[in-house]
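Coordinate analysis (summary)
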Amino acid sequence: MAGVPSEILELARRARRITVLTGAGMSAESGVPTFRDAQTGLWSRYNPEDLATPDAWARDRDLVWAWYLGRIRGVRAARPNAGHRALARWPQHAHVRIVTQNVDDLHERAGSEVIAHVHGALVAFRCDTCDRPFDGEVDLGSDGVERYPPPPCPHCPPGRGHIRPGVVWFGEAMPVEPFERAVDAVRDADLVLVVGTSGMVYPAASLPDLARAAGVPVIEINPSETGLTWSCTHSWRTTAAVGLPALVDALGPGSGD
Ligand code: BV8
């Protein structure tokens, strides 16, 4: 198939247990900004230490909540791209497990099952005090408003608990079960694809190393070199929505629709 490096195609053809680790670049072609992309990256617009941390929430909850509402509106308006859809239609003879650092639901909306959201999920709302999940009504606000008060927790005394997004903030411990599932999925794979991550955030960025240590080939799909490139078996300078469909199409029949 045009464009798929032969050594990558060969590894994909032979693989039967594929674990795919995705990062913000996976959703870039859906129009969801990455953290580091100079044009659209959230980190170039917002300092993560000012927003995606417990301290920021304690310091200015309404600003952090407004930032997340904007991201939720953006994800709601986005659609899974051809890369998400390609992973969902990988040939049936291989078992594909997705581990994502992304907090959006685009893999699921493309029809994939995600075995681990290692950094949580935007809309897994919960109380910042009693930790109970919250499935009540959330006003998603509108663009251009810098501060919104988050809903109060219905279980906590008035003024105590506030609803927060179900993401893992910098400096917060990772949820144990999802990360354990991610480690198992990487160790048990016979091929690991790393798609759209700069490999800068730990401990998620250590997952490809676990694969290599277990002798599992790791293929990076990323238009740029990253901190992970040196440890990958192959690095393919392409994008998620171009490379993944080309690869799945090249795998031929049984690739689903
Ligand atoms: C932890 C949810 C310990 C939030 C995210 C001091 C104190 C504590 C911890 C630390 C510390 N110093 C360092 C650390 C560790 C810290 C960390 O790694 N910091 C970094 C900044 C150095 N990690 C943590 O804090 C973690 N917790 O260590 O806990 C602990 C233990 C016990 C008790 C208490 C504490 C928690 C980290 C989780 C942070 N939360 N997300 C939210 O979303 O708001 S991380 C967030 O950023 C994303 O989820 C994602 O994981 C990450 C961004 O990385 P990428 O996904 O790679 O995206 P990026 O923009 O960087 O790169 C995009 C890539 O895509 C690029 O390579 C680009 O080339 C490529 N690309 C672009 N377009 C495309 C493409 N690829 C393909 N196709 C395209 N079209």
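Just so you know, these numbers come straight off a predicted model, no measurement behind them.

1. Describing the overall build of the chain
Scanning the chain for helices and strands turns up 11 helices and 8 strands. At 19 Å, the chain has a C-alpha radius of gyration in line with the 18 Å of a compact globule built from 257 residues. Each principal axis of the C-alpha atoms in the chain carries an extent, and together these give about 60 × 35 × 30 Å. By residue count, 52% of the 257 residues in the chain fall in the buried class. Looking at the chain alone, contacts between residues at least 24 apart form 71% of all its contacts between residues at least 6 apart. Averaging the positions of the 25 positive and the 31 negative side-chain charges in the chain gives two centres separated by 2 Å.

2. Thoughts on the sheet that holds strand S3 (residues 114–117)
Across the sheet, 6 strands lie side by side as S3-S2-S1-S6-S7-S8; this open sheet has parallel pairing. Two strands lie at the open edges of the sheet, namely S3 and strand S8 (234–236), each paired on one side alone. Sheet twist, expressed as the average angle between the axes of neighbouring strands with direction ignored, equals 20 degrees. In this sheet, S8 lies alongside strand S7 (residues 218–221) in parallel orientation, the contact comprising 3 bridges. Bridging from a neighbouring strand, Glu220 pairs with Ser235 of S8. Helix H1 (residues 6–14) contacts strand S6 (191–195), S7 and S8 of the sheet and is inclined by roughly 110 degrees relative to S8. In this fold helix H9 (residues 176–187) packs onto strand S1 (17–22), strand S2 (95–100), S3 and S6, with an angle of close to 125 degrees to the strand it touches most, S3.

3. Quick notes on the layout of surface pockets
Here the second largest pocket defines a volume of roughly 220 Å³. Lining the second largest pocket are 15 residues, and of these Leu87, Ala88, Ala94, His95 and Val96 sit closest to its centre. Of all the secondary structure elements, the ones that give two or more residues to the lining of the second largest pocket are helix H7 (82–88) and S2. Of the residues forming the lining of the second largest pocket, the biggest block, 4 residues, is contributed by S2.

4. Observations concerning the pairing of S1
Of all 6 residues in S1, 5 are buried; the element is thus mostly enclosed. Of the pairings in the sheet, the one linking S1 to S2 comprises 6 bridges and is parallel in character. Looking at the pairing, Thr19 lines up with Arg97 of S2.

5. What to know about the pattern of salt bridges
Under the definition given, this model contains 11 salt bridges. Here Arg73 makes a salt bridge to Asp143, at a shortest N to O gap of 2.8 Å. Taken together, the positions of Arg73 in helix H6 (residues 61–77) and Asp143 in the loop between strand S4 (120–127) and strand S5 (163–167) put the pair 70 residues apart, joining distant regions of the chain. Looking at Asp143, the relative accessible area reads 65%, which means it is exposed.

6. Considerations on the pairing of S2
Most of S2 sits out of view: 5 of its 6 residues are buried. Here 3 bridges tie S2 to S3, and the two strands are oriented parallel to one another. Paired with Val99 across the strands is Ala116, a residue of S3.

7. What to know about H9
Within an α-helix, residues lying three or four positions from one another point in the same direction, as the helix has 3.6 residues per turn. Its 12 residues place the ends of H9 16 Å apart at the C-alpha level, agreeing with the 16 Å of an ideal helix rising 1.5 Å per residue. Among the residues making up H9, those that are buried are Pro178, Phe179, Ala182, Val183, Ala185 and Val186. The arc that holds the buried residues of H9, viewed along the axis, is 165 degrees, so those residues lie on one side. On its buried side, H9 packs onto S1, S2, S3, S6 and helix H10 (207–213).

8. Focus on the environment of Arg160
Within the fold, Arg160 resides in the loop between S4 and S5. With 33 residues separating them in the primary sequence, Arg160 and Cys127 have C-alpha atoms 9.7 Å apart. Residue contacts for Arg160: discarding those within four places in its chain leaves Asp128 and Thr129.

9. Side note on the nonpolar core
Counting residues in hydrophobic clusters, the biggest one holds 29 residues, and the most contacted among them are Ile18, Trp90, Leu193 and Leu244. Each residue touching Leu244, except ones within four places of it in the same chain, is listed here: Met26, Gly83, Ala86, Leu87, Leu193, Val195, Ile221 and Thr239. Counting residues in each nonpolar core, the second largest holds 28 residues, with Leu51, Trp65, Val103 and Leu140 among its members.

10. Re the environment of Ala66
Tracing the backbone shows Ala66 in helix H6. Taking relative accessible area as the criterion, Ala66 reaches 8% and is therefore assigned buried. In sequence terms Ala66 and Val145 are 79 residues apart; their C-alpha atoms lie 7.1 Å from each other. Not counting residues within four places of it along the chain, the set of residues in contact with Ala66 comprises Val145, Glu146, Arg147 and Tyr148.

Scoring rules and cut-offs
Residues numbered from 1 in each chain as written. Predicted model: local features only at pLDDT ≥ 70, side-chain atom pairs only at ≥ 80, totals over all residues. Heavy atoms only, no water. Helix = DSSP H or I, 4+ residues; strand = E, 2+ residues; numbered from the N terminus. Rg over C-alpha atoms; globule rule 2.2 N^0.38 Å. Buried < 20%, exposed > 50% of the residue type's maximum accessible area, 1.4 Å probe, protein only. Contact = heavy atoms within 4.5 Å. Lys, Arg positive; Asp, Glu negative; His and termini not counted. Charge placed at Lys NZ, Arg CZ, Asp CG, Glu CD. Pairing = 2+ DSSP bridges. Axes fitted to C-alpha atoms, helices over the stretch in contact; angles between N-to-C directions. 1 Å grid on protein atoms, 1.4 Å probe; cavity = no way out; pocket = protein on both sides within 12 Å on 5 of 7 lines; lining within 4 Å. Points joined across faces, edges and corners; volume = space filled by probe spheres on them. Salt bridge = Lys/Arg side-chain N within 4 Å of Asp/Glu carboxyl O. Expected span 1.5 Å × (residues − 1). Arc of directions from axis to C-beta. Core = buried A, V, L, I, M, F, W, Y, C linked by side-chain atoms within 4.5 Å.

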